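The lines below spell out each chain.
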Amino acid sequence: MEQRFIAITGTSHYFGASFLKPGMVVQLIKDPGNPYDEEAIQAVIPPLGKIGCVANSTHTVPKGCRSAGRIYDSFEQQIYGMIRFIVKDLAIVELMEGAAGFDMFLQTEHHFFPFK
């Protein structure tokens, strides 16, 4: 399967990006109630909650990454991704497919996650 990357933007509106590290796993959850973007996808790290959104504008999507609109229909409600790079306040995340993504999520430091 081909590698797919997205960018998490808007971190400065939540907790910032200073705590984000390569190897961290994030949940990407559709946000159909978002009044500004019909294809909004929020990035979540339990128990913190929302840490940003998947970039969906030509001004915020870095070269080589897909926009929220491009990946929105490729999964049902949520998908997991692993942070690969941090550039200033932007996290570049590799999408992880299917059960492998959930398994990787459970193996990370999210030991307080209720499904474990």
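On a predicted model such as this, the values are computed, not experimentally measured, just so you know. (Residues numbered from 1 in each chain as written. Predicted model: local features only at pLDDT ≥ 70, side-chain atom pairs only at ≥ 80, totals over all residues. Heavy atoms only, no water.)

## A look at the packing of aromatic side chains
Taken as a whole and assessed by the stated rule, the structure comprises 1 aromatic pair. With a centroid separation of 6.5 Å and an interplanar angle of 85 degrees, the aromatic rings of Phe 15 and Phe 19 are classed as edge-to-face. According to the relative accessible area criterion, Phe 19 is partly exposed, its value standing at 25%. The ring of Tyr 72 has Lys 30 sitting right over it, with the charged end atom 4.4 Å from the ring centre. Lys 30 extends its terminal NZ or CZ atom over the ring of Phe 75, reaching a point 5.1 Å from the ring centre. (Phe/Tyr/Trp six-rings, centres within 6.5 Å; stacked < 30°, edge-to-face > 60°. Buried < 20%, exposed > 50% of the residue type's maximum accessible area, 1.4 Å probe, protein only. Lys NZ or Arg CZ within 6 Å of the ring centre and 35° of its normal.)

## Some remarks on the environment of Arg 66
When you line up the elements, Arg 66 lands in the loop between strand 4 (49-54) and helix 1 (68-71). Spatially, the C-alpha atoms of Arg 66 and Asn 56 are 8.2 Å apart, while their sequence positions differ by 10 residues. Contacts of Arg 66, omitting those with residues within four sequence positions, involve Glu 2, Arg 4, Phe 5, Ile 6, Ala 55, Val 61 and Ile 71. Within the structure, Arg 66 has its side chain in polar contact with the side chain of Glu 2 (distance 3.1 Å). (Helix = DSSP H or I, 4+ residues; strand = E, 2+ residues; numbered from the N terminus. Contact = heavy atoms within 4.5 Å. Polar contact = N/O pair within 3.5 Å; in protein donor to acceptor, adjacent residues only side chain to side chain.)

## A short note on the sheet that holds strand 2 (residues 25-30)
Ordered by their spatial adjacency, 6 strands build a closed barrel running 1-4-3-2-5-6, and the pairing between neighbours is antiparallel. Across the sheet, the mean angle separating the axes of adjacent strands is 45 degrees when strand polarity is ignored. Sheet analysis places strand 2 next to strand 5 (residues 78-87), joined by 5 bridges and oriented antiparallel. Each bridged residue has a counterpart across the sheet, and for Ile 29 the counterpart in strand 5 is Gln 78. (Pairing = 2+ DSSP bridges. Axes fitted to C-alpha atoms, helices over the stretch in contact; angles between N-to-C directions.)

## A few points about the pattern of salt bridges
The tally for this structure, following the rule as stated, stands at 3 salt bridges. Between Arg 66 and Glu 2 there is a salt bridge, with the nearest N and O atoms lying 3.1 Å from each other. Of this pair, Arg 66 sits in the loop between strand 4 and helix 1 while Glu 2 sits in the segment before strand 1 (5-9), and the two are 64 residues apart along the sequence. Residue Arg 4 pairs with Glu 97 through a salt bridge whose shortest N-O separation is 2.6 Å. Here Glu 97 lies in the loop between strand 6 (90-96) and helix 2 (98-107) and Arg 4 lies in the segment before strand 1, a separation of 93 residues in the sequence. (Salt bridge = Lys/Arg side-chain N within 4 Å of Asp/Glu carboxyl O.)

## As for the nonpolar core
Ranked by internal contacts, the top residues of the largest apolar core, which has 20 residues, are Ile 6, Ile 8, Val 26, Leu 28 and Ile 41. Elements with a minimum of two residues in this core: strand 1, strand 2, strand 3 (41-45), strand 4, helix 1, strand 5 and strand 6. For Ile 41, the residues in contact, after removing those within four places along its chain, are Leu 28, Ile 29, Lys 30, Asp 31, Cys 53, Val 54, Ala 68, Ile 71, Tyr 72 and Phe 75. Within the second largest apolar cluster, 6 residues are counted, among which are Phe 5, Ala 7, Ala 55 and Cys 65. (Core = buried A, V, L, I, M, F, W, Y, C linked by side-chain atoms within 4.5 Å.)

## Points about a nonpolar patch on the surface
On the surface, a nonpolar cluster with roughly 280 Å² of combined accessible area is contributed by Tyr 14, Phe 15 and Leu 48. With respect to the helices and strands, the residue Leu 48 is situated in the loop between strand 3 and strand 4. Residue Leu 48 is classed as partly exposed on the basis of its relative accessible area, which comes to 39%. (Patch = residues over 30% accessible without salt bridge, like charges linked within 9 Å, V, L, I, M, F, W, Y side chains within 5 Å. Areas by Shrake-Rupley, 256 points an atom, 1.4 Å probe, with all protein chains shown as cover.)

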